[in-house]
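Geometric and topological summary
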Amino acid sequence: MKNVLIIGAGGIGSYFCQELDQLRHQWTGKAKFSIVDFDQVEEKNCKYQNYKDEEILDFKVDALSTRYKGLKGLNQKITSADQLKGYDLIILSVDNNQVRCLAAKH
């Protein structure tokens, strides 16, 4: 089984999870998906990210993992390469150069 990490639950990451959920029957039993982010849903996010008004103040990963079964939410900030160990594939949907560099080195 492949272990996949999605970094970032903003505009790209939140909509990627929706698309991934529509294909769940193809990956169930073949891959485990986790999404990591440390932000909470704000009102402004509901306009351009995949969040609903009732999710305001929820952590983004909690909102997504509740909505999309089979997706594990990790409410944390990526600060070291050690956090990336054990993943076969990392999908970057974050606008943070430090995290991008950590993933590239990994």
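Residues take numbers from 1 onward in each chain, read along the sequence in its written order. It should be noted that, the model being predicted, local features are given only for residues of pLDDT at least 70 and side-chain atom pairs only at 80 or more, the latter also being counted only at that level, while totals for whole chains, interfaces and linings use all residues. Working from all heavy atoms in the structure, the side-chain values ignore hydrogens and water.

**Here's the deal with the overall build of the protein chain**
Runs of H or I in DSSP of at least four residues are treated as helices and runs of E of at least two as strands, each being numbered from the N terminus. Scanning the protein chain for helices and strands turns up 5 helices and 4 strands. Taken from N to C terminus, the helices and strands of the protein chain fall in the order β-α-α-β-α-α-β-β-α. Radius of gyration (C-alpha) of the protein chain: 13 Å, near the 13 Å computed for a compact globule of 106 residues. Across its three principal directions, the C-alpha atoms of the protein chain cover 35 × 35 × 15 Å. Type-normalised accessible area, obtained with a 1.4 Å probe on protein chains alone, sets the label of each residue: buried when under 20%, exposed when over 50%, and partly exposed for intermediate values. Counting across all 106 residues of the protein chain, residues that qualify as buried make up 41%. By element, 50% of the accessible surface of the protein chain is carried by carbon and sulfur atoms, the whole surface being about 6400 Å². For the purpose of counting charges, residues Lys and Arg are taken to be positive, whereas Asp and Glu are taken to be negative. His and the chain ends are not included. Charge placement uses NZ in Lys and CZ in Arg. For Asp and Glu, CG and CD serve respectively. Separation between the mean location of the 15 positive side-chain charges and that of the 14 negative ones in the protein chain comes to 7 Å. We compute the radius of gyration from the C-alpha atoms alone; for a globule the expected value is 2.2 Å times N to the 0.38, where N is the number of residues. Per-residue and other accessible areas follow the Shrake-Rupley method at a 1.4 Å probe size, with only the shown protein chains counted as cover for residues.

**Digging into the environment of Phe59**
Inspection of the secondary structure assignment puts Phe59 in the loop between α3 (45-48) and α4 (60-67). You can call Phe59 partly exposed: its relative accessible area is 30%. Sequence-wise, Phe59 and Asp39 are 20 residues apart; in three dimensions their C-alpha atoms are separated by 5.9 Å. Contacts: residue pairs with any heavy atoms within 4.5 Å of one another. When residues no more than four places from it in sequence are discounted, the contact partners of Phe59 are Phe38, Asp39, Gln40 and Asn75.

**Some words on the sheet that holds strand β2 (residues 31-37)**
Ordered by their spatial adjacency, 4 strands build an open sheet running β3-β2-β1-β4, and the pairing between neighbours is parallel. Single-partner strands in this sheet number two, and they are β3 (71-75) and β4 (89-92). Along the sheet, successive strands turn relative to each other by an average axial angle of 20°, direction set aside. Two strands pair when backbone bridges link them, and β2 and β3 are joined in this way by 5 bridges, in the parallel orientation. In the sheet register, Ile35 faces β3, and the bridge partner there is Gly73. Contacting β2 and β3, α4 crosses the sheet at an angle of about 170° to β3. The criterion for strand pairing is that DSSP finds at least two bridges linking the strands in question. Axes, fitted as lines to C-alpha atoms, cover a helix only where it is in contact. Angles between the N-to-C directions of the axes lie from 0 to 180 degrees.

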